[in-house]
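# Structural overview
These are the residues of each chain, in order.
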Amino acid sequence: MSLLIEKAQPEDRPRVFELLEQANMHHIPSEEVPSVTWENYFVARLDGEVVGFCGYKILSPTDAKTELMVVDPKCRGLGIGFKLQERRMEEMLADGIHKLITNADLPASIAFYKKHFGYREVGKLDKVHEYSDPGIDQWTTLQVDLDQWDKNRKKGD
Ligand SMILES: CC(C)(COP(=O)(O)OP(=O)(O)OC[C@H]1O[C@@H](n2cnc3c(N)ncnc32)[C@H](O)[C@@H]1OP(=O)(O)O)[C@@H](O)C(=O)NCCC(=O)NCCS
């Protein structure tokens, strides 16, 4: 089994939209997600098939925000989400980013970011319209210091 995390290519977009639709995150453009930049997007290729993707957006020379992340429901729990998140955090660190924000709604996803990447909750944000889980009407805003994350993982925390 070969898993590669690579920059997303234009030809990956139809498959990315299939994955977004499975997670009810395909409402793009919308007030929740006006656009996808594609510039800083990564896909997970399992034996050549795209089974996950994620992206990020630079907000200022020091701050960034994650944009979207979905892993194919058939492939969850295999460490693919971890590798995608690690890759985008490494790319942002290399871009000189210090502060990273992520909005998440599903309790399991919020737990994933806190447990594996050192995020802490910094606020709540009302959803503008249905997106992701229709039963959850707020985003939980999570924040992580990328330098601290990098130090901790090098120490093995
Ligand atoms: C969050 C998500 C990307 C994680 O991807 P993944 O490949 O399953 O993650 P990994 O295998 O690397 O890590 C699994 C961890 O995530 C947690 N997890 C979160 N949602 C999960 C799910 N639906 N199925 C399995 N594990 C899930 C597990 O509890 C596990 O934690 P543990 O290590 O403490 O056991 C994926 O569950 C997903 O696509 N969820 C729906 C979309 C979403 O919420 N995206 C985040 C938007 S901010």
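These figures come from a predicted structure and were not determined experimentally.

### Observations regarding the packing of helix H2 (residues 80-94) against helix H4 (residues 146-155)
Close contact between H2 and H4 brings their axes to 10 Å; oriented N to C, the two are set at 120 degrees. On the basis of their axis angle, the class for H2 and H4 is oblique. H4 is crossed by H2, and the crossing has left-handed handedness. Residues Met89, Met92 and Leu93 of H2 touch H4, and the partners they reach there are Leu146, Trp149 and Asp150. Looking at side-chain class alone, the contact of H2 with H4 contains 5 nonpolar, no polar and 1 charged residues.

### What to know about the sheet that holds strand S5 (residues 99-104)
Spatial strand order, S1-S2-S3-S4-S5-S7-S6: 7 strands in an open sheet with mixed pairing. Since the sheet does not close on itself, it has two edges, and those belong to strand S1 (3-7) and strand S6 (120-126), each with one partner. The mean inter-strand angle of the sheet, taken between neighbouring strand axes irrespective of direction, is 25 degrees. Note: S6 against strand S7 (residues 138-145), 6 bridges, orientation antiparallel. When the bridges of S7 are listed, Lys124 appears paired with Thr140. Of the strands in this sheet, strand S3 (49-58) and strand S4 (63-71) are in contact with helix H1 (residues 13-22), which crosses S3 at around 85 degrees. With respect to the sheet, H2 is in contact with S1, strand S2 (41-46), S3, S4 and S5, its orientation differing from that of S3 by roughly 30 degrees.

Here is what the cut-offs are and how they apply
- Residues numbered from 1 in each chain as written.
- Predicted model: local features only at pLDDT ≥ 70, side-chain atom pairs only at ≥ 80, totals over all residues.
- Axes fitted to C-alpha atoms, helices over the stretch in contact; angles between N-to-C directions.
- Helix = DSSP H or I, 4+ residues; strand = E, 2+ residues; numbered from the N terminus.
- Parallel < 35°, antiparallel > 145°, perpendicular 65-115°, else oblique.
- Left-handed = near helix turned anticlockwise from the far one by under 90°.
- Contact = placed C-beta atoms within 7 Å.
- Nonpolar A, V, L, I, M, F, W, Y, C, P; charged D, E, K, R; others polar.
- Pairing = 2+ DSSP bridges.

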